[in-house]
Amino acid sequence: MKNVVFLFILIFVIGCKSSTVIANKEDVRKLSNIDDIETPFKPIKNTLATSEELKAIVSYLASDELQGRDTGSEGIGKAAIYIENFFKQNNIKPYFKTYRDSFNLKGIDAYNLVGFIEGNDNNLKNEIIILGAHYDHIGSAKKVGDDTIANGANDNAAGTSGVLEIAEYFAATKGNKRSIMIALFSAEEKGLKGSEHLAKKLKTDAIDLYTMLNFEMIGVPFKDRPYDAFLTGYDLTNMSAKINEYTNSNFTGFSEVSKKYDLFKHSDNYPFYQEFKLPCQTISSCDLSNYDYYHHVDDEADKLDYDHMASLINKVIPAIESMCNTPTKEIKMTHE
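Calculation rules
Residue positions are given per chain, counted from 1 along the sequence in the order it is written. Totals for whole chains, interfaces and linings use all residues, but because this is a predicted model, local features are given only for residues with pLDDT of at least 70 and pairs of side-chain atoms are given and counted only at 80 or more. Only hydrogens and water are set aside; all other atoms, that is, all heavy atoms of the structure, feed into the side-chain values. Each helix corresponds to a stretch of at least 4 residues labelled H or I by DSSP, and each strand to a stretch of at least 2 residues labelled E; elements are numbered beginning at the N terminus. Three labels apply to residues, based on accessible area from a 1.4 Å probe with only protein chains included: buried if under 20% of the type maximum, exposed if over 50%, partly exposed otherwise in between. The method behind every accessible area is Shrake-Rupley, applied with a 1.4 Å probe, and residues are considered shielded solely by the protein chains displayed. Any carboxyl oxygen of Asp or Glu within 4 Å of a side-chain nitrogen of Lys or Arg constitutes a salt bridge here. Between N or O atoms, a polar contact is any pair within 3.5 Å; within protein, one atom must be a potential hydrogen donor and the other a potential acceptor, and residues adjacent in sequence are included only when both atoms are from side chains. In this description, contact between two residues means that some pair of their heavy atoms is separated by no more than 4.5 Å. Side-chain atoms within 4.5 Å are what join buried Ala, Val, Leu, Ile, Met, Phe, Trp, Tyr and Cys residues into a set we call a nonpolar core. For a helix, the expected span equals 1.5 Å multiplied by the number of residues minus one. Axis definition: a line fitted to C-alpha atoms, limited for helices to the stretch in contact. Angles are taken between N-to-C directions and run from 0 to 180 degrees. Orientation is classified from the angle alone, with under 35 degrees giving roughly parallel, over 145 giving roughly antiparallel, 65 to 115 giving roughly perpendicular, and any other angle giving oblique. Polar here means any residue outside two lists: the nonpolar Ala, Val, Leu, Ile, Met, Phe, Trp, Tyr, Cys and Pro, and the charged Asp, Glu, Lys and Arg; Gly therefore counts as polar. Pairing between two strands is assigned when DSSP locates at least 2 bridges connecting them. Classification of ring pairs rests on two measures: the distance between centres of Phe, Tyr or Trp rings, Trp counted by its six-membered ring, which must be within 6.5 Å, and the angle between planes, read as stacked under 30 degrees, edge-to-face over 60 and tilted in between. Counting as a charge over the ring demands two things of the Lys NZ or Arg CZ atom: a distance within 6 Å of the ring centre and an angle within 35 degrees of the ring normal.

S.K.: It is not clear to me how the overall build of the chain should be interpreted in this structure. Could you clarify?
M.R.: Counting its secondary structure elements, the chain contains 10 helices and 11 strands. Split into buried and exposed, the 336 residues of the chain put 59% on the buried side. Total accessible area on the chain stands at roughly 14,100 Å², and carbon and sulfur atoms take up 49% of it.

Following this line, the structure appears as structure tokens:
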């Protein structure tokens, strides 16, 4: 088991070699202009997440059509357009001039997608909470049968779908005093390059960041755990305790695997922590004990538990509401 865990973490850190990418800027420009691309997106009417809505999002993002969403590929371009359409149809404004926060990765044109839901309090709206997830994956993986497409359903179409559902909720209810930034990252699988780019950019802009909560691999439930999800960097802040207080439950807890392998440093929360030295953590409901298909071609949409996902998202929404609306910043580093 130790060898299996080590292999899992090694893959988690270094990712896999990319599949075919679009390195030509003209190709990327043409792709980004395909505004009429057909996707199965439908405007969401309910404010709370449902298993059907989550499944619809994951099923598209993790479909073979998107070819594993490798950074710079045509597939991730289609995923980006899908997410932009979601933002537009839910009246979520771009944080920058457009939704795309572009950067260059060794000749590959890549982009994060960044939406913004302004707070409704004249003072607190200047404080920002970032909700993030990476929408890229590795493109291809070791062949199984005739399949080489690493669709990345749990990693991380699941997290992306959860963040989109939370964004839809706050865009509809407008109950947030603090402002919410919705950040979907590319190039996580290349070494957190998308989140690193955005974190540095926002630090240069001197935004008043309160906290950053990242969603990673939330597609399956834990077995025999006293909590629904764990937070990376559990001991560094009081975020877990505050989330549990805000939800009046034992929603989040401590993961031995996360601490042993320092998963805090291996997801998109970490660049924000490095830049801001504030509570920036990842929430997840998956480790090796409950899912066998990490960076595997069988990480497919039909492997996920959408009732669990809907429950997790709907439980965390009240915690995020409290983060948005407390008079003071209650989530802090433990050394403060």
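Once you've had a look at it, read on.
S.K.: Where do I start with unusual backbone geometry in this structure?
M.R.: Residue Asn156 is reached from Asp155 by a cis peptide bond, and omega for that bond is 5°. Mapped onto the secondary structure, Asn156 falls in helix 5 (residues 153-173). Phi is positive for Met217, close to 50°, though the residue is something other than glycine. Tracing the backbone shows Met217 in the loop between strand 8 (208-215) and strand 9 (229-231). The exposure class assigned to Met217 is buried, which follows from its relative accessible area of 4%.

S.K.: Even after reading the chapter, I still don't get the pattern of salt bridges, so can you show me in this structure?
M.R.: Where charged atoms from two side chains of opposite charge come close, those side chains can pair. Taken as a whole, this structure holds 15 salt bridges when the rule is applied. When the shortest N-O distance is used, the salt bridge between Lys201 and Asp101 registers 2.8 Å. Taken as a pair, Lys201 in helix 6 (residues 193-204) and Asp101 in strand 2 (residues 100-105) lie far apart in primary sequence, 100 residues in all. Residue Asp101 is classed as buried on the basis of its relative accessible area, which comes to 0%.

S.K.: What exactly am I supposed to notice about the side chain of Ser285 here?
M.R.: Checked against the element boundaries, Ser285 lands in the loop between strand 11 (280-284) and helix 10 (306-325). Look at Ser285 and you get buried, because its relative accessible area is 0%. Among the polar contacts listed, one links the side chain of Ser285 to the backbone oxygen of Val220, at a separation of 2.7 Å. Polar side-chain contacts of Ser285 include one of 3.0 Å to the side chain of His308. Contact partners of Ser285, with chain neighbours within four places excluded, come to Glu216, Met217, Ile218, Gly219, Val220, Pro221, Phe222, Asp228, Ala229, Asn290, His308 and Leu312.

S.K.: Help me out: how do you make sense of the nonpolar core in this one?
M.R.: One recurring pattern in soluble globular proteins: nonpolar side chains tend to sit buried together. Among the nonpolar cores identified, the biggest contains 67 residues, and Phe87, Leu184 and Phe215 are the most heavily contacted of them. With 11 residues, the single largest contributor to this core is helix 10. Beyond its immediate stretch of four places on either side in the chain, Phe87 contacts Ile92, Tyr99, Leu113, Val114, Gly115, Leu164, Ile182 and Leu184. Core analysis: the second largest hydrophobic core is formed by 22 residues, Val114, Ile128, Met212 and Cys280 among them.

S.K.: For this particular structure, what's the right way to read helix 5?
M.R.: Think of an α-helix as turning once every 3.6 residues; residues three or four places apart then point the same way. When the terminal C-alpha atoms of helix 5 are compared, their 28 Å separation across 21 residues agrees well with the 30 Å that a helix rising 1.5 Å per residue should span. Counted residue by residue, helix 5 has 19 buried out of 21 residues, so it is predominantly covered.

S.K.: How do you make sense of helix 4 (residues 74-89) when you look at a structure like this?
M.R.: The terminal C-alpha atoms of helix 4 lie 23 Å apart, and with 16 residues this matches the ideal 22 Å at 1.5 Å per residue to within 8%. Positive backbone phi, approximately 55°, marks Asn91, located one or two places after helix 4.

S.K.: Help me understand the packing of helix 7 (residues 239-247) against helix 10 in this model?
M.R.: Each pair of packed helices can be summarised by the angle the axes make with each other and by the distance between the axes. At a minimum axis separation of 8 Å, helix 7 and helix 10 run at an interaxial angle of 105°. Put simply, helix 7 runs roughly perpendicular to helix 10. For the pair formed by helix 7 and helix 10, the contact residues are Ile243, Tyr246 and Thr247 on the first element and Lys315, Pro318, Ala319, Ser322 and Met323 on the second. Grouping the amino acids of the contact of helix 7 with helix 10 by side-chain chemistry returns five nonpolar, two polar and one charged.

S.K.: I'm lost on the pairing of strand 11 in this one. Help?
M.R.: Consecutive residues of a regular strand have side chains that alternate between opposite faces of the sheet. Where burial is concerned, most of strand 11 is hidden: five out of the five residues are buried. The two faces of strand 11 match: Cys280, Thr282 and Ser284 on one face and Gln281 and Ile283 on the other face are all buried. By the bridge criterion, four bridges tie strand 8 to strand 11 in an arrangement that is parallel. Note on strand 11: the bridge partner recorded for Phe215 is Ile283. Bridging between strand 9 and strand 11 involves two bridges; their strand directions are antiparallel. Each bridged residue has a counterpart across the sheet, and for Phe230 the counterpart in strand 11 is Ser284.

S.K.: Could you clarify how one ought to interpret the packing of aromatic side chains in this entry?
M.R.: Within a pair of aromatic rings, the relevant descriptors are the distance that separates the centres and the angle that separates the planes. Throughout the structure, instances matching the rule amount to 13 aromatic pairs. Each ring, one from Phe87 and one from Tyr99, has its centre 5.2 Å from the other, and the planes form 40°; the classification is tilted. With a gap of 12 residues between them, Phe87 in helix 4 and Tyr99 in the loop between strand 1 (93-94) and strand 2 connect regions that are remote in the sequence. Relative accessible area serves as the criterion here: at 9%, Tyr99 is assigned to the buried category. Here the aromatic cluster, defined as three or more aromatic residues joined through ring pairs, consists of Tyr95, Phe96 and Phe116. The ring of Tyr111 has Arg100 sitting right over it, with the charged end atom 4.2 Å from the ring centre. Note that Arg225 overlies the ring of Phe222, its terminal NZ or CZ placed 4.1 Å from the centroid.

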